[in-house]
Amino acid sequence: QVQLVESGGGLVQAGGSLRLSCAASGRTFSSYAMGWFRQAPGKEREFVAAISWSGGTYYAASVRGRFTISRDNAKNTVYLQMNSLKSEDTAVYYCAADRYGLGDNTGQRYEYWGQGTQVTVSS
């Protein structure tokens, strides 16, 4: 069983930055694909970014060029650096883990999910 704990959310003004962290339990973190998803009030959950076990990254079009996903396998942690934040980035952000290492942008491959961290961007 893998436990994921997100941190780093908060309130920030438009144009500002935040860095989210997701700490994972387990000894095989380096083999997982990790993803970030978000859900705004009244909206469906949507894909934000993912990183495969080998370090390949992909992003939703809405965040590409502003957000960066990275991982530190020594710390069992994945990060989401968010720059140039907009009011439409306001959501609860969730990290997710796929033990088979590939991930996807639908959420279906991910077996484990964190509790989420709130990001609020004021305009």
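Criteria and cut-off values
- Residues numbered from 1 in each chain as written.
- Predicted model: local features only at pLDDT ≥ 70, side-chain atom pairs only at ≥ 80, totals over all residues.
- Heavy atoms only, no water.
- Buried < 20%, exposed > 50% of the residue type's maximum accessible area, 1.4 Å probe, protein only.
- Helix = DSSP H or I, 4+ residues; strand = E, 2+ residues; numbered from the N terminus.
- Pairing = 2+ DSSP bridges.
- Phe/Tyr/Trp six-rings, centres within 6.5 Å; stacked < 30°, edge-to-face > 60°.
- Lys NZ or Arg CZ within 6 Å of the ring centre and 35° of its normal.
- Disulfide = S-S within 2.5 Å.
- Contact = heavy atoms within 4.5 Å.
- Polar contact = N/O pair within 3.5 Å; in protein donor to acceptor, adjacent residues only side chain to side chain.
- Axes fitted to C-alpha atoms, helices over the stretch in contact; angles between N-to-C directions.

Student: What exactly am I supposed to notice about the pairing of strand 1 (residues 4-7) here?
Tutor: Remember that side chains alternate between the two faces of the sheet whenever the strand is regular. Of the two faces of strand 1, the one holding Leu4 and Glu6 is buried and the one holding Val5 and Ser7 is not buried anywhere. Direction of pairing for strand 1 relative to strand 3 (residues 18-24): antiparallel, over a ladder of 4 bridges. In the strand pairing of strand 3, serine 7 is matched with serine 21.

Student: Which parts of the structure should I look at to understand the packing of aromatic side chains?
Tutor: Each aromatic ring pair is characterised by the separation of its centres together with the angle its planes make. According to the stated counting rule, one finds 6 aromatic pairs in the structure shown. Aromatic pair phenylalanine 37 and tryptophan 113: ring centres 5.1 Å apart, planes at 55°, arrangement tilted. Of the two residues, phenylalanine 37 is situated in strand 4 (residues 33-39) and tryptophan 113 in strand 10 (residues 112-113); the sequence distance between them amounts to 76 residues. For tryptophan 113, a relative accessible area of 27% gives the class partly exposed. Grouped by ring-pair contacts, the aromatic residues Phe37, Phe47, Tyr58, Tyr110 and Trp113 constitute a single cluster. For arginine 45, the ring lying beneath its charged end belongs to phenylalanine 37, and the centroid distance is 5.4 Å. A cation over a ring is seen here: arginine 71 above phenylalanine 29, with NZ or CZ 4.7 Å from the ring centre.

Student: So what exactly am I meant to see when it comes to the state of the cysteines here?
Tutor: Put plainly, a disulfide is one covalent bond tying together the sulfur atoms of two cysteines. Counted according to the given criterion, the structure contains 1 disulfide. Sulfur-sulfur distance for the disulfide between cysteine 22 and cysteine 95 comes to 1.9 Å. Where cysteine 22 bonds to cysteine 95 through sulfur, the torsion about that S-S bond is close to 40°, and the disulfide is right-handed. Of this pair, cysteine 22 sits in strand 3 while cysteine 95 is found in strand 9 (residues 91-98), placing the two residues 73 residues apart along the sequence. The buried category is assigned to cysteine 22, whose relative accessible area is 0%.

Student: Before we go on, may I ask you to explain the environment of arginine 38 in this structure?
Tutor: One can find arginine 38 in strand 4. Through-space distance from the C-alpha of arginine 38 to that of methionine 82 is 13 Å; in sequence the pair is 44 residues apart. With residues near it in sequence (within four places) discarded, arginine 38 still touches Glu44, Arg45, Glu46, Val48, Ser62, Val63, Phe67, Glu88, Asp89, Ala91, Val92 and Tyr93. A polar contact is formed between the side chain of arginine 38 and the side chain of glutamate 46, at a distance of 2.5 Å. A distance of 2.9 Å separates polar atoms of two side chains, one belonging to arginine 38 and the other to aspartate 89.

Student: I would appreciate a short explanation of the sheet that holds strand 3 in the present structure.
Tutor: Sheet strands pair via backbone hydrogen bonds, and the direction of the pair is either parallel or antiparallel. Across the sheet, 4 strands lie side by side as 1-3-8-7; this open sheet has antiparallel pairing. Two strands lie at the open edges of the sheet, namely strand 1 and strand 7 (67-72), each paired on one side alone. Adjacent strand axes in the sheet meet at a mean angle of 15°, parallel and antiparallel pairs treated alike. Pairing of strand 7 with strand 8 (residues 77-82), which is carried by 6 bridges, proceeds in the antiparallel orientation. In the sheet register, threonine 68 faces strand 8, and the bridge partner there is glutamine 81.

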